[in-house]
Amino acid sequence: MGIDKILRMNKKVVEKLKTKTTCGLSDGEANRRRLTHGYNEFKIKEDDPLWMKYLSQFKDPLILLLLASAVVSVIMRQYDDAFSIAAAITIVVTVAFVQEYRSERSLEELNKLVPPACTCMRGTELKKFLARDLVPGDNVLITVGDRIPADVRLYEAVELLVDESSFTGETEPLVKTTHSSRNSSAGGSEGEHRNDSSRKTSANNVAYMGTLVRSGNGKGIVISTGESSEFGEVFRMMQAEESPKAPLQMAMDQLGKFLSFVSFIIIGAIMLIGWIQGRQLLDMFNIGVSLAVAAIPEGLPIVVVVTLALGVVRMAEKKAIVKKLPIVEALGCVNVICSDKTGTLTKNEMTVTQVCTASGSLIEVSGVGYNDNGVVSLDGHLVTSQSHPEVAMLAETGAVCNNAHIDGGVLLGQPTEGALVAFAMKMKLFDNKRNFIRVNEDGFTHERKWMAVTCYHKDDTDARKEIHMKGAIERVMAQCSTFMCTQLDENGRKQIVALPLDETARNKMINQSNFMGSTGLRVLGLARGTELGDMTFLGMAGIMDPPRDGIKEAVRILSAANVAIKMITGDAKETAISIAARLGIYSKGGRAMSGHDVDSLDVGQLAAQISDVDVFYRANPKHKLKIVKALQELELVVAMTGDGVNDAVALRKADVGIAMGMTGTDVCKEAADMILVDDDLSTIM
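Reading the values: the criteria
Positions within a chain are numbered from 1, following the residues in the order the chain's sequence is written. In keeping with the predicted nature of the model, local features appear solely for residues at pLDDT of at least 70, side-chain atom pairs appear and are counted solely at 80 or more, and the whole-chain, interface and lining totals rest on all residues. Hydrogen atoms and water are omitted, and side-chain values are computed over all heavy atoms in the structure. Summary of the burial criterion: residues with accessible area below 20% of their type's maximum are buried, those above 50% are exposed, and those between are partly exposed, where the area comes from a 1.4 Å probe applied to protein chains only. By the criteria applied, helices consist of DSSP H or I runs no shorter than four residues and strands consist of E runs no shorter than two, each listed in order from the N terminus. DSSP-based pairing: two strands are paired if at least 2 bridges between them are found. To estimate how far a helix should extend, the number of its residues minus one is multiplied by 1.5 Å. Axis lines are fitted to C-alpha atoms, over the contacting stretch for helices. Their N-to-C directions set the angle, which ranges from 0 to 180 degrees. What makes two residues a contact is simply this: any of their non-hydrogen atoms within 4.5 Å. Residues are grouped as follows: Ala, Val, Leu, Ile, Met, Phe, Trp, Tyr, Cys and Pro are nonpolar; Asp, Glu, Lys and Arg are charged; all remaining types, including Gly, are polar. For patch building, the residue pool is restricted to those with more than 30% relative accessible area and no salt bridge; the joining distance is 9 Å between like charges and 5 Å between nonpolar side chains (Val, Leu, Ile, Met, Phe, Trp, Tyr). All accessibility values rest on the Shrake-Rupley procedure with a 1.4 Å probe; residue burial counts only the protein chains present in the view. One speaks of a salt bridge when a side-chain nitrogen belonging to Lys or Arg is within 4 Å of a carboxyl oxygen belonging to Asp or Glu. Any pair of nitrogen or oxygen atoms within 3.5 Å is treated as a polar contact; in protein, a donor-acceptor pairing is required on top of that, and neighbouring residues in sequence qualify only through side-chain atoms on both sides.

Undergrad: Could you give an account of the pairing of strand β19 (residues 450–457), naming the residues involved and the relevant values?
TA: Within β19, 6 of the 8 residues are buried, which leaves the element mostly enclosed by the surrounding structure. As paired strands, strand β18 (residues 436–442) and β19 are joined by 6 bridges and run antiparallel to one another. If you follow Glu441 over to β19, its bridge partner there is Val453.

Next comes the structure, spelled out in structure tokens:
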């Protein structure tokens, strides 16, 4: 898009919002707009006072029946009965209230996060303040590591990549620019090969509230705040859904109604018999009421509440916060679990899981996430820099041709680059990056699909330059004339040699890349040399967002207990099936359904087909909600697990909504019935 057209589009936004790109709103104008648009936050229903929460425990039909029994006992001067019933009621409501209050306090501790701040122009000054004070028309600055404070229309973007996984469920960050065309995600941000033909698109020139800047920086005008934002639409959907009652609550309600009906029948029958026999109706009424009161099991609520409270305590010991007592029983009744993929079944942290050297050695890499936890191995044997120098060279190039940093498990930079950094850390080679002095960088572009840095070793007195490159395998090999191989010297030690990269070798490596790509891996080629066009191909790294540790075993145990598991994700079909197959959720011959297919069916039609579907891909919040409703249509007890804003609506509607405590968003935790403090799904078993 031409620069003139971009400027015209920016001018329209600026004029509509009566603002400027050269300076910000005045404090007075911002305050005036805030009166119109409100604060940049979601209006969550205010917490009820403690006394009201306590009284709400009396809404249960069985408790109301016991209360009525106590009142009747007082009227009939049966004070012993009245006292015992009142004591039972007090114990029940107090235990329930105290336990739920403790869960709320635990959740508050979990949610004690630093309030989100933003950097914004006010007048001609650059200020930092709470994001809740933003208004439409504000001029904000965003940089790597920032959470986007509101929906922002970009007028400046420098290599800006935004992670929208909490919104879309996709693990790949999106390229953000200043023009308005809709573009695919930054799946090619590192130039990797991937067999994926149907990427989900997003507006290139809008950064959405709550998403995360992975790299680059930008400036933009706030166009929507609070409930007017894209996330606000999801929030309103969540608020519109009512949480269903737990199976135990429904059973207790039915029991209360049944006992009430039986009590009236007993009283009526006794009075009728007495009237037929000519007895005093008041005496017969007293007898009938006494029998009816005796038929009400005042000890039952105590047993139920104490049992559930013990369950909540035990769940808390396993680092699971249960908001309401009946959810403990509902969890035991669950016969189908719908699980979000990104951040729930996986950690939402890109990881190198497989490396193929140019000589054909297939290296396995264990561990998940942005850390050095894991082992690099070949055929079960440990791979080190000394035992396999060719793998060390590949890992070193991945670290040198890289702009990402990992600090205490937190990534600053692009996820794909973070995966290469973590791989170098596992090889104990990341510090080698400091030995190289960079003199030039050829950044990645979508046209050439590779990135290269020129540098020299700090101990090299001649400062001989060397180029390190990574990118799409075909494009990287196009710059290579040789490939790296190892041979044994006369002393039996490995030595690195460069062999000609002929057509046979190229085809072999491309076939290997295609195979790795078909398993859901994003494949990067790596090379090094002294001159473009005459470089040495080192091999390729396969990267993915792998399953969390322990998830596969949890899936196996749940399946053995006849609990069906359905994976729902915003990712592409190939990626979704690959992860599901690794976890044992999907097997050959299984069925996967797209969000588009879900859209084309009503709830009844979906319910007729849903039993055969294991994986739902390209799913948005509306699709997830429809899937949960379809399962409930089959009278199944449904649990939903998730961590993102896009999961919140389905979490609210599910019989048991389970949110992640560490990675889950605030909206997600608000919607859920249970929070897993350490994000460990095996806790619910």
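Undergrad: Run through helix α14 (residues 415–426), naming residues and quoting values.
TA: Along its 12 residues, α14 runs 17 Å from first to last C-alpha, staying within 8% of the 16 Å computed at 1.5 Å per residue. Counting buried positions over the 12 residues of α14 gives 11, a clear majority of the element. Here α14 has its buried residues at Pro415, Thr416, Glu417, Gly418, Ala419, Leu420, Val421, Ala422, Phe423, Ala424 and Lys426. Count one or two residues on from α14 and you reach Lys428, which has phi positive near 60°.

Undergrad: Requested: an account of the sheet that holds strand β26 (residues 591–594), with residues and values cited.
TA: Reading across from one edge, β10-β30-β29-β28-β11-β25-β27-β26 is the order of the 8 strands in this open sheet, with mixed pairing throughout. Strands at the two margins of the open sheet, each flanked by one partner only, are β10 (320–322) and β26. The mean inter-strand angle of the sheet, taken between neighbouring strand axes irrespective of direction, is 20°. In this structure, β10 lies alongside strand β30 (residues 674–676), joined through 3 bridges in antiparallel fashion. Its bridge partner lying in β30, Val322 is registered against Met674.

Undergrad: Outline the packing of helix α4 (residues 61–75) against helix α8 (residues 247–277), supporting the account with residue identities and numerical values.
TA: For the pair α4 and α8, the least separation of the axes is 7 Å and the interaxial angle reads 35°. Of α8, the residues touching α4 (which contributes Pro61, Leu62 and Leu65) are Met252, Asp253, Leu255, Gly256, Leu259 and Ser260. For the contact of α4 with α8, the class distribution of residues is 6 nonpolar, 2 polar and 1 charged.

Undergrad: Describe unusual backbone geometry, with residues and values.
TA: Look at Lys428: it is not a glycine, yet its phi comes out positive at around 60°. Mapping Lys428 onto the fold places it in the loop between α14 and β18. Of note in this structure, Glu635 is not a glycine but carries a positive phi near 60°. Assignment of secondary structure puts Glu635 in the loop between α21 (621–633) and β28 (638–642). A relative accessible area of 74% places Glu635 in the exposed class.

Undergrad: Explain the side chain of His388 to me, using residue names and the numbers behind them.
TA: Looking at the secondary structure, you find His388 in the loop between β15 (381–382) and α13 (389–400). In contact with His388, not counting residues within four places along its chain, are Leu378, Leu382, Val383 and Lys494.

Undergrad: Account for a nonpolar patch on the surface, with residues named and values stated.
TA: On the surface, Leu272, Trp275, Ile276 and Leu281 cluster together into a nonpolar patch covering about 470 Å² of accessible area. Ranked by the residues each element gives to the nonpolar patch, the list is headed by α8, at 3 residues. Residue placement: Leu281 occurs in helix α9 (residues 281–295).

Undergrad: Could you give me a rundown of the environment of Glu417, with the residues and numbers involved?
TA: Tracing the chain through its elements places Glu417 in helix α14. Each C-alpha atom of the pair Glu417 and Thr351 lies 9.5 Å from the other, and the pair is 66 residues apart in sequence. In this structure the side chain of Glu417 is engaged in a polar contact, spanning 3.5 Å, whose partner is the backbone nitrogen of Ala404.

Undergrad: Any chance you could break down the pattern of salt bridges for me, citing the residues and the numbers?
TA: Per the stated rule, a full pass over the model turns up 19 salt bridges. Note that Glu41 is salt-bridged to Arg132, the shortest N-O span being 3.1 Å. Here Glu41, found in the loop between α2 (27–37) and α3 (50–56), pairs with Arg132, found in the loop between β2 (125–130) and β3 (139–143); they are 91 residues apart in sequence, far enough to count as distant. Three or more residues joined by partner-sharing salt bridges are found here, namely Asp27, Arg122, Lys127 and Asp138.

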